[in-house]
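As a plain string of letters, each chain reads:
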Amino acid sequence: MASDVISFARGAPSADILPAAAVRAAAERTLAEDWQRALSYGTGVGHRGLCEWIAGELHEIDADRVMITNGSMEAASLLFHYTVEPGDRVVVEQPSYDRTLLLLGRSGAELVPVPLEADGLDVDALERALADGPIKLAHVIPNFHNPAGCTLSAAKRDRLVALADEHGFTIFEDDPYRLINFGGELPPTMLSADRSERVVHASSFSKTVSPGVRVGYLAGPADQIATLAKRAGEHYISPNMLAESVVWELCTSGALAENVESVNGALRDRRDALVEALGEQIPEAEFVVPGGGYFLWLDLAGDVDTPTLLEAATREGVAFVAGPDFMLDGGESSLRLSFASVPADRVAEGVGRVARALESVRAASPA
Ligand SMILES: Cc1ncc(COP(=O)(O)O)c(C=O)c1O
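Procedures and definitions
- Residues numbered from 1 in each chain as written.
- Predicted model: local features only at pLDDT ≥ 70, side-chain atom pairs only at ≥ 80, totals over all residues.
- Helix = DSSP H or I, 4+ residues; strand = E, 2+ residues; numbered from the N terminus.
- Buried ≥ 20, exposed ≤ 12 C-beta atoms within 10 Å, placed from the backbone.
- Pairing = 2+ DSSP bridges.
- Right-handed = clockwise from strand over helix to strand, strands pointing away.
- Domains from an automatic or database assignment.
- Contact = placed C-beta atoms within 7 Å.
- Axes fitted to C-alpha atoms, helices over the stretch in contact; angles between N-to-C directions.
- Expected span 1.5 Å × (residues − 1).
- Near = placed C-beta within 6 Å.
- Nonpolar A, V, L, I, M, F, W, Y, C, P; charged D, E, K, R; others polar.

**Overview of the environment of R99**
- Of note, R99 is situated in helix 5 (residues 98–106).
- In this structure R99 comes out as partly exposed when scored by C-beta crowding, with 13 C-beta atoms within 10 Å.
- Residues R99 and S204, spaced 105 residues apart in sequence, show a C-alpha to C-alpha distance of 16 Å.

Put into structure tokens, the structure is as follows:
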């Protein structure tokens with residue numbers, strides 16, 4: 001086995017593209033200028049300045065429609081805890097983010113799987129699920145999907161918002177990758193199209209600053225946000241004010257925008273290197289080329305079992321996540337490659353190792 005493992009498994013950027021100097025400088029300015037707020041308890045809403053910046057700069061909504069959370073996973077957890085009851089039917093995309101599947105699985109909800117297409121959720125399939133009974137909530141990752149890499153089309157966003165209005169369900173728009181965009185134009189958020197208070201949107205600074213800052217947010221109907229902020233305050237008094245204060249400083253100083261530009265440049269190079277290496281070394285693999293984000297979802301021919309392939313890949317010194325981790329059922333012929341974690345000059349070698357593992361698995365069980 002190679003000693004230098006190349007890991008396409010981690011959904012996180014490699015350390016070389018984390019903004020250590022910018023965060024250090026922002027922390028210093030914060031502790032000079034916003035130290036009282038940064039070092040005090042806040043309320044369940046979190047740092048008001050950051051709420052205002054998010055509301056004004058990212059969503060053009062009133063600030064009372066935003067609350068800060070310790071990462072967007074916590075935002076999801078709060079929303080599910082206070083809106084989903086055992087027995088509720090909840091739509092999940094297939095494949096979908098494994099942590100959300102786990103969280104919803106523990107809520108006692110009945111998970112209703114709806115497949116993804118190259119342009120996002122299969123809305124016809126969602127309509128068929130609605131015909132079988134009411135749905136409480138639909139979890140949708142609209143941009144640069146984790147794990148599928150796809151982006152929901154504008155037409156499907158409009159249909160989903162209209163269906164949520166007509167059938168009275170909540171769309172949970174889980175959108176941490178929107179700003180990790182390699183240059184294409186994205187359709188507007190479903191939050192911005194919502195006229196019937198049916199969309200709750202979550203995002204975070206995990207991808208635009210770093211996962212360790214644990215600063216995310218929820219944006220939605222003002223009443224619902226006020227209630228969730230009150231509940232959040234009962235849990236933890238306030239989210240981490242020091243981290244929020246540093247992020248606020250990054251936002252208002254322009255350092256965030258600079259970081260997003262440089263991270264997107266590096267990630268785009270990694271994505272390009274991965275697409276090229278796959279074309280050369282595993283040409284039979286099928287995938288949607290992601291226009292941003294961290295992930296590429298590889299569909300291999302039905303004869304390959306990706307959990308078995310992962311064992312062979314580990315022996316070759318390369319890692320990925322096998323498809324079943326992202327599915328309620330199935331997924332054995334798919335796998336997720338994260339290009340965020342592998343510098344561009346290591347990508348071809350990593351794909352070569354996957355290709356060798358594939359050869360050895362196929363040789364061991366010829367079709
Ligand atoms: C779709 C999706 N939602 C939520 C999260 C959680 O992110 P955070 O670090 O903001 O909690 C992730 C992280 O990878 C994700 O991919």
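Still more to cover.
**Examining the pairing of strand 4 (residues 110–117)**
- With six bridges joining them, strand 3 (residues 89–94) and strand 4 adopt parallel strand pairing. Of the residues in strand 4, the one forming a bridge with E93 is V114.
- For the crossover that starts at strand 3, traverses helix 5 and ends in the parallel strand 4, the hand is right-handed.
- Pairing of strand 4 with strand 5 (residues 120–121), which is carried by two bridges, proceeds in the antiparallel orientation. Following the sheet pairing, L116 is matched in strand 5 by L121.
- Linking two consecutive strands that pair antiparallel, namely strand 4 and strand 5, is a turn of two residues.

**Side note on the domain arrangement of the protein**
- As assigned here, the protein comprises domain 1 (6–17 + 257–364) and domain 2 (20–253).
- Centre-to-centre, using C-alpha coordinates, domain 1 lies 26 Å away from domain 2.
- Taken together, the contact between domain 1 and domain 2 spans 25 residues of the former and 26 residues of the latter.
- Sorting the residues of the side of domain 1 that touches domain 2 by element identifies helix 11 (255–281) and strand 10 (295–299) as the ones contributing at least two each.
- In terms of residue count, helix 11 provides more of the side of domain 1 that touches domain 2 than any other element does, six residues in total.

**Regarding the environment of G56**
- Mapping G56 onto the fold places it in helix 3 (residues 48–59).
- For the pair G56 and A22, spaced 34 residues apart in sequence, the C-alpha separation works out to 23 Å.

**Remarks on the sheet that holds strand 8 (residues 199–204)**
- Strand order in the open sheet made by the eight strands is 2-9-8-7-6-3-4-5, with mixed pairing throughout. Every interior strand has two partners, whereas the edge strands, strand 2 (66–69) and strand 5, have only one.
- Along the sheet, helix 6 (residues 123–131) contacts strand 3, strand 4, strand 5 and strand 6 (137–140); its crossing angle with strand 4, the most-contacted strand, is approximately 155°.

**What to know about the sheet that holds strand 12 (residues 321–322)**
- Read across the open sheet, the three strands follow the order 10-13-12; overall the sheet is antiparallel. The sheet is open, and its two borders are formed by strand 10 and strand 12, each paired with just one other strand.
- With two bridges connecting them, strand 12 and strand 13 (residues 334–338) associate as antiparallel partners. Bridge pairing links V321 to R336 in strand 13.

**Considerations on helix 10 (residues 241–253)**
- With 13 residues, helix 10 ought to run about 18 Å at 1.5 Å a step, and its terminal C-alpha atoms sit 18 Å apart, in line with that.
- The buried fraction of helix 10 is high, at 10 of 13 residues.
- All of the buried residues in helix 10 are M241, A243, E244, S245, V246, V247, W248, E249, L250 and C251.
- Buried residues along helix 10 sit against helix 1 (20–33), helix 2 (35–38), helix 3, strand 2 and helix 11.

**A word on the site of the ligand**
- As a matter of local geometry, the ligand sits amid 13 residues, with G71, S72, M73, S204 and S206 nearest to it.
- Across the shell around the ligand, the residue classes tally to five nonpolar, seven polar and one charged.

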